[in-house]
Amino acid sequence: MHVGIVSDTHDDTDLVAAAIEQFDAVGVDAVVHCGDFVAPFSAAPFEHEFDFYAVRGNNDGEWALAAQIDEFGTYLGEMGELTLDGVEVAVYHGTSPAIVDALVECGNYDYVLHGHTHQRVLEEHGGTVRINPGGIPIETAPEPLHVAVLDTESGEIEFHRL
């Protein structure tokens, strides 16, 4: 199973379209958005041929976002747990680094997916892989937006620059 991972798109509809195009090119089966859509309209393009899951980010102030996503996908709230192709996954925006660390260190998950910092991260700790695909460029993280693709069968993770 191929899982697309994206975060911190902040209403940038051009980047959302580019992310979906990349996910289509790879042929993902599911996409996980780690929060910070900002407004509900920027979640709508993710209504696509893949399964869709999302958590709330600290800039997702419009509570209508949950209803928008639930029309075509699964809104997990502040944090969620998924089992994708037998792989255990925690999804959290990443607002609290202590919570991210606790999710990684608890040993309950194969993968912990998060965003918030806008910085790409791929690291392993005690059998758990932490993935942050990055986000739109900001002053503290000027790198262009990337998305990640996880192959649950092989464990391979690829980043794609948009």
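Up top is the structure.
Scope of this entry: the structure provided in the associated data block.

Analysis parameters
Residues numbered from 1 in each chain as written. Predicted model: local features only at pLDDT ≥ 70, side-chain atom pairs only at ≥ 80, totals over all residues. Heavy atoms only, no water. Pairing = 2+ DSSP bridges. Helix = DSSP H or I, 4+ residues; strand = E, 2+ residues; numbered from the N terminus. Buried < 20%, exposed > 50% of the residue type's maximum accessible area, 1.4 Å probe, protein only. Patch = residues over 30% accessible without salt bridge, like charges linked within 9 Å, V, L, I, M, F, W, Y side chains within 5 Å. Areas by Shrake-Rupley, 256 points an atom, 1.4 Å probe, with all protein chains shown as cover. Salt bridge = Lys/Arg side-chain N within 4 Å of Asp/Glu carboxyl O. Lys, Arg positive; Asp, Glu negative; His and termini not counted. Charge placed at Lys NZ, Arg CZ, Asp CG, Glu CD. Contact = heavy atoms within 4.5 Å. Axes fitted to C-alpha atoms, helices over the stretch in contact; angles between N-to-C directions.

Regarding the pairing of strand β8 (residues 121-125)
In this structure, β8 lies alongside strand β9 (residues 128-132), joined through 5 bridges in antiparallel fashion. Within the sheet, the bridge partner assigned to Val 121 lies in β9 and is Asn 132. Where β8 folds back on β9, the antiparallel hairpin that results is connected by 2 residues, among which Gly 126 adopts a positive phi of roughly 55 degrees.

A look at unusual backbone geometry
Of note, the phi angle at Asp 8 is positive, near 50 degrees, even though the residue is not glycine. By the secondary structure assignment, Asp 8 is in the loop between β1 (2-6) and α1 (13-26). A residue is classified by how much of its surface remains accessible, and Asp 8, at 0% relative accessible area, is buried. Despite not being glycine, His 118 has its phi angle at roughly 65 degrees, a positive value. Its location among the elements puts His 118 in the loop between β7 (111-113) and β8.

With respect to the environment of Ala 25
Here Ala 25 shows up in helix α1. Considered as a pair, Ala 25 and Ile 157 are 132 residues apart in the sequence and their alpha carbons are 15 Å apart.

As for a negative patch on the surface
Taken together, the side chains of Asp 29, Asp 51, Asp 85 and Glu 153 make up a negatively charged region of the molecular surface. Mapping Asp 29 onto the fold places it in the loop between α1 and β2 (30-33).

Some points on the environment of Pro 144
You can see Pro 144 is positioned in the loop between β9 and β10 (146-151). With a relative accessible area of 25%, Pro 144 lands in the partly exposed category. Beyond its immediate stretch of four places on either side in the chain, Pro 144 contacts Gly 135, Pro 137, Arg 161 and Leu 162.

Side note on the sheet that holds β9
Sheet architecture is open: 5 strands sit in the order β5-β6-β7-β9-β8, paired in mixed fashion. Looking at which strands have only one partner, the edges of the open sheet turn out to be β5 (79-84) and β8. With strand direction ignored, the average angle separating the axes of adjacent strands in the sheet is 20 degrees. In the packing of helix α3 (residues 97-105) onto the sheet, the strands contacted are β5, β6 (87-92), β7, β8 and β9, and the crossing angle to β6 comes to about 175 degrees.

Description of the side chain of Asp 36
Among the secondary structure elements, Asp 36 is positioned in the loop between β2 and β3 (51-54). Buried and without a salt bridge, Asp 36 has Arg 56 as its closest oppositely charged side chain, separated by 7.4 Å. Every residue in contact with Asp 36, bar those within four places of it in the chain, is listed here: Asp 8, Thr 9, His 10, Gly 57, Asn 58, Asn 59, Asp 60 and His 93.

Keep in mind that these numbers describe shape and distance, not what the molecule does.
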